[in-house]
Amino acid sequence: MTTRRPAAATTVILVHGGREVGTAPVRRFDLPLVRIELFRLAIRRRLRRRGVGVRRLRFSQQGWNHDGASAIADLRALVDELTVVPGAGVILVGHSMGGRAAVRLIDHPAVLGVVGLAPWLPLGEPLGNVAGRWLLIAHGDSDRTTYPQASLDFVERARTAGARASHLIVAGEGHALMRNPRWWNRYIIDSVVEILG
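Each chain has its residues counted from 1, following the order in which its sequence is written. Residue-level local features of this predicted model are given only where pLDDT is at least 70; pairs of side-chain atoms are given and counted only at 80 or more, and the full residue set underlies all totals for whole chains, interfaces and linings. The basis for the side-chain values is all heavy atoms of the structure; hydrogens and waters are excluded.

## Some thoughts on the overall build of the protein
Strands here are runs of E lasting at least two residues and helices are runs of H or I lasting at least four, both read from the DSSP assignment and numbered beginning at the N terminus. Within the protein, the secondary structure is distributed over five helices and six strands. Element order for the protein, N to C, with α for helix and β for strand: β-α-β-α-β-α-β-β-α-β-α. Relative to its length of 197 residues, the protein is compact, with a C-alpha radius of gyration of 16 Å against a globular reference of 16 Å. Dimensions along the principal axes, computed over C-alpha positions, put the protein at roughly 60 × 40 × 35 Å. Only heavy atoms matter for contacts: two residues are in contact if any of them lie within 4.5 Å across the pair. Taking the intrachain contacts of the protein between residues at least 6 apart in sequence as the baseline, contacts between residues at least 24 apart amount to 67%. Each accessible area is a Shrake-Rupley result for a 1.4 Å probe, and residues are judged covered by the shown protein chains and nothing else. Just so you have it, the protein exposes about 9,800 Å², and 52% of that area is on carbon and sulfur atoms. We count Lys and Arg on the positive side and Asp and Glu on the negative side, and we leave His and both chain ends out. The atom standing in for a charge is NZ when the residue is Lys, CZ when it is Arg, CG when it is Asp and CD when it is Glu. On the protein, the mean spot of the 27 positive side-chain charges and the mean spot of the 16 negative ones are 9 Å from each other. Only the C-alpha atoms count toward the radius of gyration. The rule for a globule is 2.2 Å times the residue count to the power 0.38.

## Examining the packing of aromatic side chains
Here the aromatic set is Phe, Tyr and Trp, taking the six-membered ring for Trp, and pairing holds for ring centres within 6.5 Å; pairs whose planes are under 30 degrees apart are stacked, those over 60 apart are edge-to-face, and all others are tilted. Using the criterion set out here, one finds four aromatic pairs in the structure. Arranged with centres 6.0 Å apart and planes meeting at 75 degrees, the rings of Trp64 and Trp120 form a pair that is edge-to-face. Taken as a pair, Trp64 in the loop between β2 (52-57) and α2 (69-82) and Trp120 in the loop between β4 (111-117) and β5 (134-140) lie far apart in primary sequence, 56 residues in all. By the burial criterion, Trp64 is buried, and Trp120 matches it. The interplanar angle of 85 degrees and the centroid separation of 5.0 Å between the aromatic rings of Trp183 and Trp184 together place this pair among those described as edge-to-face. The rule is simple: take the accessible area with a 1.4 Å probe, protein chains only, and divide by the maximum for that residue type; under 20% is buried, over 50% is exposed, in between is partly exposed.

## Thoughts on the pattern of salt bridges
Note on definitions: salt bridges are taken to be side-chain nitrogens of Lys or Arg within 4 Å of carboxyl oxygens of Asp or Glu. Under the criterion given, the structure shown has eight salt bridges. In this structure, Glu37 engages Arg40 in a salt bridge whose closest nitrogen and oxygen atoms are separated by 2.7 Å. Here Glu37 pairs with Arg40, and both are found in helix α1 (residues 31-48), just three residues apart, close to one helical turn. Ionic pairing is found between Asp190 and Arg186, a salt bridge with its closest N-O pair at 3.0 Å. Of this pair, Asp190 and Arg186 are both found in helix α5 (residues 181-196), four residues apart, which corresponds to roughly one turn of the helix. A residue is classified by how much of its surface remains accessible, and Asp190, at 40% relative accessible area, is partly exposed. Each of Glu37, Arg40 and Arg56 takes part in a single network of salt bridges with overlapping partners.

## Some remarks on the pairing of strand β3 (residues 89-95)
With respect to burial, β3 is a largely interior element, seven of its seven residues being buried. The alternating pattern of β3 places Gly89, Ile91, Val93 and His95 on one face and Val90, Leu92 and Gly94 on the opposite face, and all of these are buried. Taken together, the six bridges between strand β1 (residues 10-15) and β3 define a ladder with parallel strand orientation. Paired with Leu14 across the two strands is Val93, which belongs to β3. Strands were regarded as paired on the criterion that DSSP finds at least two bridges between them.

Here it is as C-alpha cells:
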C-alpha cells in the first residue's frame, strides 16, 4: 500500500515593525511584537480552517539599520525553513518595517504574495522582480510615522512592472492600527484568500 504525502501547505508569516535604527534585541513584550501577535491570535483559527498555517517572525534586532540586512536575513531564514517541502508557499504580512522587509522578499520563489499594513516604503524603495506577484497594501490616512503616499507610489511602480497590486486608504487610521483592529483582521484574511484564489 502506498502512502500519499499531503499537499504542501501555505503559511502566512506575520512580520512585526521596528525602528529605523536599533541594534538591541527584540524583547518579548516590545510593542511591535505584541501588536503582530494580537493579529496572529485573531486570524489563526479562521485561516487554519482553510488549511493555512500562521506563524510570527521575531526579528533579532529592533531596527532596520541602514540596509536592513539583519531584518531581511531573519525573514529569509524563516521563509526558507517553512518551504523546504517542494511546492510549499508563504504569504508575508508585514506592518511598518516588517512590510519593508516583506517587499524585499517578494521575488523569493516561495513567496506567493505580500500584504503590507502601513508599510514603511520610502520613496525610491527597490521593487525587485514583482511581475506576476501579489502586492496588497492598506494604509491609514492619519499615519504620521510612515506615509500613505509613499506606499501608493510603490504600488503604482509595482503595477507598472507587472505586479497584481492594490492600495487601500483606511480613513481615520493611524500607524498603530489600533483604532479598528477588527477591520485589519478582516483585511488580512480577505487578502490571503484573494492571493490563494
